[in-house]
Amino acid sequence: MNSLLALIQALEIELHHSGVRCDAARLGHVLHEDFHEIGRSGSRYDRATVMGFLAGLKEAPPAVSDDFVLQELAPGVVLLNYRSADVQPGGALSRHTLRSSIWVREGDRWQIRYHQGTPAAAPW
């Protein structure tokens, strides 16, 4: 399970990186066809909206994340929970968020099917 956690964690963190977030082909590979998200604002977003938004970003704010926990829900389906925060100039952390993602194995690759962000108190 540790190697699967490392893989899913790396895929999730990859979505935080502006070089990947802005690559529509890579996003299309990682985001499941039925992907949807409930953002930390409480708004619901579909795959096309998320892909359009991320592809339009020039640069994403730096983020940190930790406390990754992976739980198998069924064969080929896992739930990833973790915390994240944006890093402000000077190093201060803001927009603390508890995050949950459901990843599914599609053929030979893992894809994110669902993501939710919930505002959280500053734990760091």
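Residues numbered from 1 in each chain as written. Predicted model: local features only at pLDDT ≥ 70, side-chain atom pairs only at ≥ 80, totals over all residues. Heavy atoms only, no water.

Asker: Account for the sheet that holds strand β5 (residues 93-106), with residues named and values stated.
Answerer: One open sheet accounts for 6 strands, arranged β2-β1-β6-β5-β4-β3; its pairing is mixed. The open sheet has two edge strands, β2 (44-46) and β3 (63-74), and neither has a second partner. For this sheet the average axis-to-axis angle between neighbouring strands, irrespective of direction, equals 15 degrees. (Pairing = 2+ DSSP bridges. Helix = DSSP H or I, 4+ residues; strand = E, 2+ residues; numbered from the N terminus. Axes fitted to C-alpha atoms, helices over the stretch in contact; angles between N-to-C directions.)

Asker: How would you sum up unusual backbone geometry? Please name residues and give values.
Answerer: Phi angles above zero are rare outside glycine, and Asp-67 is one such case at about 55 degrees. Relative to the helices and strands, Asp-67 is located in strand β3. Take Asp-67: its relative accessible area is 47%, and that puts it in the partly exposed class. Phi at Arg-95 is positive, roughly 50 degrees, even though this residue is not glycine. Assignment of secondary structure puts Arg-95 in strand β5. Using a relative accessible area of 47% as the deciding quantity, one classes Arg-95 as partly exposed. (Buried < 20%, exposed > 50% of the residue type's maximum accessible area, 1.4 Å probe, protein only.)

Asker: Could you give an account of helix α1 (residues 2-14), with specific residues and numbers?
Answerer: Here α1 spans 18 Å end to end across 13 residues, near enough to the 18 Å set by a 1.5 Å rise per residue. The set of residues buried in α1 consists of Leu-5, Ile-8, Leu-11, Glu-12 and Glu-14. (Expected span 1.5 Å × (residues − 1).)

Asker: Requested: an account of the pairing of strand β4 (residues 77-87), with residues and values cited.
Answerer: For a regular strand, the rule is simple: side chains alternate between the two faces of the sheet. Burial of β4 is extensive: 8 of the 11 residues sit out of reach of the surface. Once β3 ends, the chain turns through 2 residues before running back antiparallel as β4, passing Gly-76 with a positive phi of about 80 degrees. Across 10 bridges, β4 lies against β5 in antiparallel orientation. Along β5, the bridge assignment pairs Asn-81 with Ser-100.

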